Amino acid sequence: MTAQIINGKAFAERVRSQVAEHVARLKVDHAIVPGLAVVLVGEDPASQVYVRSKGKLTVEVGMHSVEHKLDADTSETDLLAVINKLNADPAIHGILVQLPLPKHLNEDLVIGNIDPVKDVDGFHISNVGLLGTGQKSMVPCTPLGCLMMLRDHFGSLSGRDAVVIGRSNIVGKPMAQLLLGDSCTVTIAHSRTKNLPDVVRRADIVVAAVGRAEMVPGDWIKPGAVVIDVGINRIPAPEKGEGKMKLVGDVDFASCAGIAGAITPVPGGVGPMTIACLLANTLTATCRANNLPEPEGLTV
Ligand code: NDP
């Protein structure tokens, strides 16, 4: 079997154009422009790239984009003051604090100070609780993107066996909650899971969010299963030249693509969907803040 490649780049473009259409209508019908503020503390190069790309795509869909770049030694008090100002700003509907934060800052405290209604990353404990109890919440962007691709592929996910490898708060756990919400039978695997290959072999849906390059080989995959690869790992690529690197996922793409029914590539799979879902969440937050109907298909 050769798997269908789920093209996350093209999917993300469709999501962004849907968002842009809604944004244009909000402007014309209600004179509302969704605003997204991204707060970056320090000079982590990868974070700087993410923030630049988020800002560019925010403007492209017609939203108002604000970036707050703070020094690496910014105090917690000063960072919280920025967040409180954004919480109170009616032109800002979504606030994202780029993680990881420098070590001296308490991430839980910082995220806990974002107004949950503006928490477009869905990391605030209120949103975690709402998602866990099946209520309307802001849903973390990466798992939301994975769910959108799975719904698109299967139609209904009801009754399917899903295995999520990884139990982080930002990917694994919310992914499992979303799959459960769509009536999958969900197993969450982690570093202490026994017989992981056998656990994965039972699954109709495998979501790998581990952070270990090409860890899942094709012979762990049930023939025809759908594989969503969240991992982003940078590894040496001597075939491209000395010192060159490349991005790979948590699954061994070549062997898994030979047995799965469908699979997301890395790059070009889950990654682009994450930013598209951030924009979708900002739109959803804007609609909720203004008591307007939420965009269909862009949230759960
Ligand atoms: P974390 O490091 O927070 O979590 C990794 C999880 O994998 C942990 O639950 C850990 O288990 C589990 N794990 C580690 N080793 C094994 C193993 N040998 N067998 C089974 N489980 C194992 O990572 P994140 O969830 O933040 O990210 C996961 C990956 O997804 C990373 O590559 C990251 O870069 C990528 N990512 C991609 C995004 C995108 O937009 N595409 C967004 C966010 C993340 P335990 O809890 O027991 O330690």
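As the structure is a computational prediction, the values presented were derived from the model and not from experiment.

## Points about the packing of helix α6 (residues 141-154) against helix α10 (residues 270-289)
Angle between the axes and distance between the axes: these two values describe a pair of packed helices.
Phase 1 of the analysis: Where α6 meets α10, the closest approach of the two axes is 8 Å, and the angle between their N-to-C directions is 105°. Accordingly, the angle class assigned to the pair α6 and α10 is roughly perpendicular. Residues Cys-141, Thr-142, Leu-144, Gly-145, Cys-146, Met-148 and Met-149 of α6 touch α10, and the partners they reach there are Val-270, Met-273, Thr-274, Cys-277, Leu-278 and Asn-281.
Phase 2 of the analysis: Partitioned by chemical class, the residues of the contact of α6 with α10 number nine nonpolar, four polar and no charged.

## A short note on the confidence of the model for the protein chain
Phase 1 of the analysis: On average, residues of the protein chain carry a pLDDT of 97, and 100% of them reach 70 or more.
Phase 2 of the analysis: Of all the helices and strands in the protein chain, helix α2 (residues 45-60) carries the lowest mean pLDDT, 94, while strand β5 (residues 161-165) carries the highest, 99.

## A short note on the sheet that holds β5
Phase 1 of the analysis: With parallel pairing, the six strands of this open sheet are ordered in space as β1-β11-β8-β7-β5-β6. For this open sheet the edge positions go to β1 (4-5) and β6 (185-189), each flanked by a neighbour on one side alone.
Phase 2 of the analysis: Across four bridges, β5 lies against strand β7 (residues 205-208) in parallel orientation. The residue bridging Ile-165 from the neighbouring strand is Ala-208, located in β7.
Phase 3 of the analysis: The strands touched by helix α7 (residues 172-181) within the sheet are β5, β6 and β7, with β5 carrying the most contacts at an inclination of about 170°.

## A look at the nonpolar core
Phase 1 of the analysis: With 56 residues, the main nonpolar core has Val-19, Leu-179 and Ile-228 as its most contacted residues.
Phase 2 of the analysis: For this core, the leading source of residues is α10, giving eleven residues.
Phase 3 of the analysis: When sequence neighbours within four positions are dropped, the list of residues in contact with Val-19 reads Val-61, Met-63, Leu-279, Ala-280, Leu-283 and Leu-298.
Phase 4 of the analysis: If you look at the next biggest cluster of nonpolar residues, it comprises 20 residues, including Ala-3, Val-163, Val-200 and Val-216.

## A few points about the sheet that holds strand β2 (residues 35-41)
Phase 1 of the analysis: Pairing is parallel across the open sheet formed by three strands, whose spatial order is β3-β2-β4. The open sheet has two free edges, formed respectively by β3 (64-70) and β4 (94-97), since each of these has just one partner strand. Neighbour-to-neighbour, the strand axes of this sheet turn through a mean angle of 15°, independent of strand direction.
Phase 2 of the analysis: Where β2 lies against β3, seven bridges are found, and the strand directions are parallel. By the bridge assignment for β3, Val-41 is matched with Leu-70.

Rules used throughout
- Residues numbered from 1 in each chain as written.
- Predicted model: local features only at pLDDT ≥ 70, side-chain atom pairs only at ≥ 80, totals over all residues.
- Heavy atoms only, no water.
- Axes fitted to C-alpha atoms, helices over the stretch in contact; angles between N-to-C directions.
- Helix = DSSP H or I, 4+ residues; strand = E, 2+ residues; numbered from the N terminus.
- Parallel < 35°, antiparallel > 145°, perpendicular 65-115°, else oblique.
- Contact = heavy atoms within 4.5 Å.
- Nonpolar A, V, L, I, M, F, W, Y, C, P; charged D, E, K, R; others polar.
- pLDDT = per-residue confidence, 0-100.
- Pairing = 2+ DSSP bridges.
- Core = buried A, V, L, I, M, F, W, Y, C linked by side-chain atoms within 4.5 Å.
- Buried < 20%, exposed > 50% of the residue type's maximum accessible area, 1.4 Å probe, protein only.

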